[in-house]
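Each chain is listed here by its residues.
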Amino acid sequence: MEQLLVPMICKIDKVIQETPDVRTYRLKFKEEGLMEKFNWMPGQFVEFSLLGSGECTFCIASSVTRKGYFDCSIKRAGVVTADIHTLLDEGDEVGIRGPYGNWFPLDDIKGKNLLFVGGGIGLAPLRSLIQYCIDNRNDYKDFTILYGARTSADMCYKEEIKEWQENKSLKVILTIDRPEESWTSNVGVVPKILEEVVKPEIANTKVITCGPPIMIKYTIQSLLKLGFADKDIITTLEMKMQCGLGKCGRCNIGSTYVCKDGPVFTNEQLKKLPDEF
Amino acid sequence: MSVETIVTDKAGLQKFYEAIIAKNETYAPVEKFGKYDFKLVKNLSECDPESPIAKTMSAKPLFFPRSAKIMKYVATSAGTDVSETDEDPLAGKRVIVGMKHCDARALQVLDKVYNWDFIDTDYQKRRLNTVVISTRCDKAETHCFCTSLDYDVENLDAMDVLIVNGNDGKVYIKSKSEKGIEFLNSGVTSHTSRVTEEAAGEELKKQYTAFSASFRLKMDYKSINEKLSKIFDTPEFENVSSNCVSCNTCAFVCPTCHCFKISDEKVKDTGVRYKSYDSCNNGYFTLMAGGHNPRPAKYRRWRQRAMHKFVYYKERFGENLCVGCGKCTTSCPVNISIFEVINQVSK
Ligand SMILES: Cc1cc2nc3c(=O)[nH]c(=O)nc-3n(C[C@H](O)[C@H](O)[C@H](O)COP(=O)(O)OP(=O)(O)OC[C@H]3O[C@@H](n4cnc5c(N)ncnc54)[C@H](O)[C@@H]3O)c2cc1C
Ligand code: SF4
Ligand code: SF4
Ligand code: FES
């Protein structure tokens, strides 16, 4: 027996088809009272299993301040995620282990301007923090969300983004890669919009970014060009994982366990890792 | 209770083993097709506690099984039922005889990763309930280099009882831990000839000197460790790994490799989830959905293997992740020697 790796059972409360290849699964623990005891911090992840198919790593895409459930937004990317999309619907049961990993540095970002830069499914981990910060809005100054996707259909959380847009205390900037009919917002890749449209204030601002590796790479380049310090750029790293709890060795970069010391890192910390990713 | 040493002879040692096997759940090297693996034994005649290192699998699977059931489950449209698997066959009180110091040392090294942060209670239970009896080698085998590493071969926390075949024809059985003392007093030996540490010390020292002089392979650990930590980008990794066929054998036989994978097997509604050995030499080890792979080339994987063993684990947990047993080298189908790899890349 290997107790550490045995999951708890969750019931799927709701499924939201976010984009053609992303679905959000809203989950609740099956066992009475477990949901109330399940506490997590924005940025943490779970090991999600479709029993019989396998286990995958997903960040928790909602905030602990929204009680009674948690969300995983899942992009169809390979074998298990394809099975999840095909087989799992409301009322079905899945296995969950977690929460694992570190979280966004809540103390460091308190009292600062926040700039969220997300791309595609990369908005999922940011959403957990965005919700958390909205629910503690007074702790932060300016609040900007820049979100980009390949096409308008590829944008996740469309309903929630509308709420964010209506919230006068938030600034929301959307962009898609190529022009589309009836698209009235920005067109262009995220780093370009960041430099040309957002033009963020540097002083006292923390940037939290997540997206496809290539987007993160160019976004960080832009941020540095704009004058941000490495320590003020925070991102979450994707490495292949399996156990999620610092045993299986899968996620190692140098002596760092991405699943334990991460997945959240500042650019300052990333620069110190061996150049492997 | 004080640390004590029993002095006996070869026949006395056989009796000692017999008594252990009669009174305890005992694991010892059992031969099959010319190779030895640690198995549960009922008679001394079934096993050979003095089996050679190169032909003996490490005792690691008794703590970290090659493939272990995580759980069984039944998943139907009516719901999911996870049942815990059968009782852990490795969790009971037991004794291992015929281990060598490199194997005992490996347990200490593994303890670090299993006992940090999330504690692996199954592993821990197996460790706590096991008495480790380790025999000091008489001489080094071809690929051994345990005395060149960052540890004192003589003083290992994981070793409960030490057995030394003295050059004087006598056999010294020495307790090395509280558990070992308790064990030696549990009726497994009727020997009354117990001498003090000092009295046995002289002969043990002599044997050790002869043993450590028998090594073909020697290196300066400190300088290798320092050099390796500075040469991440050396092209030499490509040369040393060019013959590797990525078969993972080196990791599977290694007493300290601990990477694993989780896999599901389901037939109809009933499934089993396994935790099985895996290796960083696997091409798919870090392959992510979408095709991104930080270690797509063999040399990058071998670099990870060498660095994890000789730099990263040391950095993280204070211990070298290679104990110098040479098992990987003996088993490699293309004769890659980890000793040569680290020496060559850090030249
Ligand atoms: C910290 C973290 C958070 C993540 N959060 C999300 C999220 O919120 N939404 C989302 O859609 N995706 C997320 N991912 C990526 C997601 O884990 C992979 O897309 C998913 O595991 C692919 O599984 P698969 O079986 O479909 O792919 P396959 O390529 O068939 O992979 C087989 C197995 O390899 C492992 N694996 C493959 N790719 C990855 C990967 N990129 N990262 C980790 N393990 C992998 C899984 O165990 C998987 O079962 C996250 C990854 C990490 C490391
Ligand atoms: S790497 Fe090779 S020599 Fe080192 S402990 Fe593992 S099997 Fe033994
Ligand atoms: S045993 Fe040899 S060939 Fe096989 S993976 Fe290890 S180094 Fe490569
Ligand atoms: S995912 Fe297993 S050690 Fe990090």
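Presented here is an overview of the structure given in this document. Each chain has its residues counted from 1, following the order in which its sequence is written. All chains are assigned letters beginning with A, and all ligands numbers beginning with 1, in the order in which they are written. Totals for whole chains, interfaces and linings use every residue, but because this is a predicted model, local features are given only for residues with pLDDT of at least 70 and side-chain atom pairs only at 80 or more, for both listing and counting. Computation of side-chain values: all heavy atoms of the structure, hydrogens and water removed.

Topic: the packing of aromatic side chains
Residues and elements named next belong to chain B. Centres within 6.5 Å are what make two rings of Phe, Tyr or Trp a pair, Trp counting through its six-membered ring; a difference in plane orientation under 30 degrees is then read as stacked, over 60 as edge-to-face, and the rest as tilted. Taken as a whole and assessed by the stated rule, the structure comprises 24 aromatic pairs over all chains. An angle of 35° between the planes, with centres 6.2 Å apart, marks the rings of Phe16 and Tyr17 as tilted. The classification of residues rests on relative accessible area computed with a 1.4 Å probe and restricted to protein chains. Under 20% of the type maximum is buried, over 50% is exposed, and intermediate values are partly exposed. By relative accessible area, which is 1% here, Phe16 ends up buried. The exposure class of Tyr17 is buried, given its relative accessible area of 2%. Ring centres of Tyr313 and Phe317 lie 4.7 Å apart, and the angle between their planes is 55°; this geometry places the pair in the tilted category. In this pair, Tyr313 and Phe317 both sit in helix H9 (residues 298–317), 4 residues apart, roughly one turn of the helix. Across this residue pair, the class does not change: Tyr313 and Phe317 are buried. By the ring-pair criterion, three or more aromatic residues cluster together here, those being Phe63, Phe64, Tyr114, Tyr123, Phe252, Phe260 and Tyr277. Over a ring means this: the NZ of a Lys or the CZ of an Arg is within 6 Å of the ring centre and within 35 degrees of the ring normal. Note that Arg303 overlies the ring of Phe232, its terminal NZ or CZ placed 3.7 Å from the centroid. For the cation-ring pair, Arg305 lies above Trp302, with the distance from its terminal atom to the ring centre recorded as 5.8 Å. Numbering of helices and strands starts at the N terminus; helices are DSSP runs of H or I of at least 4 residues and strands are runs of E of at least 2.

Concerning H9 of chain B
Note that bend, as reported per residue, equals the angle between axes fitted to the 7 residues terminating at that residue and the 7 residues originating from it. At His308 of chain B, H9 of chain B shows its strongest bend, of approximately 60°. Count one or two residues on from H9 of chain B and you reach Gly318 of chain B, which has phi positive near 80°.

Concerning the sheet that holds strand E11 (residues 260–267) of chain B
Residue and element names in this part refer to chain B. For two strands to be treated as a pair, DSSP must find no fewer than two bridges joining them. Spatially, E5-E4-E12-E11 is the arrangement adopted by the 4 strands of the open sheet, whose pairing is antiparallel. Only two strands of the sheet have a single partner each, and these edge strands are strand E5 (79–83) and E11. The mean inter-strand angle of the sheet, taken between neighbouring strand axes irrespective of direction, is 25°. Pairing between E11 and strand E12 (residues 270–277): 8 bridges, direction antiparallel. Looking at the pairing, Lys266 lines up with Gly271 of E12. The angle between two axes is taken between their N-to-C directions and runs from 0 to 180 degrees, where each axis is a line fitted to C-alpha atoms and a helix contributes only its stretch in contact.

Considerations on the site of ligand 2
In this text, near means that some heavy atom of the residue lies within 4 Å of the molecule or strand in question. Taken together, Cys254, Pro255, Arg305, Lys309, Cys322, Val323, Gly324, Cys325, Gly326, Cys328 and Ile338 of chain B make up the full set of residues near ligand 2. Following the grouping adopted for this structure description, the nonpolar residues are Ala, Val, Leu, Ile, Met, Phe, Trp, Tyr, Cys and Pro, the charged ones are Asp, Glu, Lys and Arg, and the polar ones are all others, Gly among them. The residue makeup of the shell around ligand 2, split by class, is 7 nonpolar, 2 polar and 2 charged.

A few points about the pattern of salt bridges
Basic side-chain nitrogens of Lys or Arg form a salt bridge, by our definition, when they fall within 4 Å of a carboxyl oxygen of Asp or Glu. Summed over the entire model, instances satisfying the criterion amount to 36 salt bridges over all chains. With its nearest N and O atoms 3.0 Å apart, the salt bridge here joins Asp37 of chain B to Arg66 of chain B. Highlighted residues: Asp37 of chain B in strand E3 (residues 35–41) and Arg66 of chain B in the loop between E3 and strand E4 (67–76), separated in sequence by 29 residues. The network of salt bridges with common partners includes Glu2 of chain A together with Asp88, Asp120, Arg126 and Lys275 of chain B.

Regarding the packing of helix H4 (residues 123–134) of chain A against helix H5 (residues 158–166) of chain A
Residues and elements named next belong to chain A. The geometry of H4 relative to H5 is characterised by a closest axis approach of 13 Å and an angle of 40° between their N-to-C directions. As judged from the angle between their axes, H4 and H5 are oblique. Every pair of crossing elements has a handedness; the one defined by H4 and H5 is left-handed. Contacts between H4 and H5 involve Leu123, Arg127, Ile130, Gln131 and Ile134 on the former and, on the latter, Glu160, Ile161 and Trp164. Residues belonging to the contact of H4 with H5 are distributed by class as follows: 5 nonpolar, 1 polar and 2 charged. Comment on the angle field: the value is read as roughly parallel under 35 degrees, roughly antiparallel over 145, roughly perpendicular from 65 to 115, and oblique elsewhere. Each helix crossing is assigned a hand: it is left-handed if the near helix lies turned anticlockwise from the far helix by less than a right angle, otherwise right-handed if that turn is clockwise. For this analysis, residues touch if any pair of their heavy atoms sits within 4.5 Å.

Some thoughts on the interface of chain A and chain B
Counting residues at the interface gives 43 residues for chain A, matched by 49 residues for chain B. Contact between chain A and chain B buries roughly 4,100 Å² in total, counting both sides, with carbon and sulfur atoms accounting for 55%. Run the count over chain A and chain B and you get 7 salt bridges. The salt bridge involving Arg126 of chain B is made with Glu2 of chain A; its shortest N-O contact spans 3.2 Å. Within 3.5 Å is the distance limit for a polar contact, defined as a pair of N or O atoms, with the added protein rule that one can donate a hydrogen and the other accept it, and that residues adjacent in sequence qualify only through two side-chain atoms. Inspection of the region where chain A meets chain B yields 25 residue pairs in polar contact (both at pLDDT 80 or more). Residue assignment for the side of chain A that touches chain B shows that the elements contributing at least two residues are strand E3 (45–50), strand E4 (54–59), strand E6 (93–100) and strand E14 (256–257) of chain A. Residue contributions to the side of chain A that touches chain B peak at 3 residues, all from E6 of chain A. Simply put, the buried area is the total loss of 1.4 Å probe accessible area from both parts when two parts are fitted together.

Notes on the environment of Leu129 of chain A
Residue and element names in this part refer to chain A. Along the chain, Leu129 falls in helix H4. Judged by its relative accessible area of 0%, Leu129 falls in the buried class. Sequence separation between Leu129 and Pro212 is 83 residues; the distance between their C-alpha atoms is 18 Å. Excluding its chain neighbours within four sequence positions, the residues that come into contact with Leu129 are Pro42, Phe104, Leu106, Ile109, Phe116 and Ile208.

Overview of the environment of Asp88 of chain B
Residue and element names in this part refer to chain B. Mapping Asp88 onto the fold places it in the loop between E5 and strand E6 (94–100). Residues Asp88 and Cys244, 156 residues apart in the sequence, show an inter-C-alpha distance of 36 Å. There is a polar contact of 2.8 Å between the side chain of Asp88 and the backbone nitrogen of Leu90.

Re the nonpolar core
Nonpolar cores were defined as sets of buried Ala, Val, Leu, Ile, Met, Phe, Trp, Tyr and Cys residues, with membership established by side-chain atoms within 4.5 Å. In terms of nonpolar packing, the biggest core is built from 98 residues, with Phe145, Met219 and Phe310 of chain B touching the most fellow members. Apart from residues no more than four positions distant in its own chain, Phe145 of chain B is found in contact with Phe215, Leu217, Met219, Phe310, Cys322, Gly324, Ile338 and Phe339 of chain B. Formed by 35 residues, the second largest nonpolar core is a distinct cluster that contains Val22, Leu123, Tyr140 and Trp164 of chain A.

Let's talk about the site of ligand 1
All names here are of chain A. If you check the shell around ligand 1, you find 24 residues, and the closest are Thr57, Ser73, Lys75, Thr81 and Glu238. Measuring from a nitrogen atom of ligand 1, one finds a backbone N or O atom of Cys59 at 3.1 Å. All accessible areas in this document rest on Shrake-Rupley with a 1.4 Å probe, and a residue is counted as covered only by the protein chains that are shown. A total of 820 Å² of accessible area belongs to ligand 1 in isolation, and the protein chains cover 87% of it. For the shell around ligand 1, the secondary structure elements donating two or more residues are E4, strand E5 (70–75) and helix H2 (79–87). Per element, the largest residue contribution to the shell around ligand 1 is 5 residues, and it comes from E4. Tallied by class, the residues present in the shell around ligand 1 amount to 15 nonpolar, 5 polar and 4 charged.

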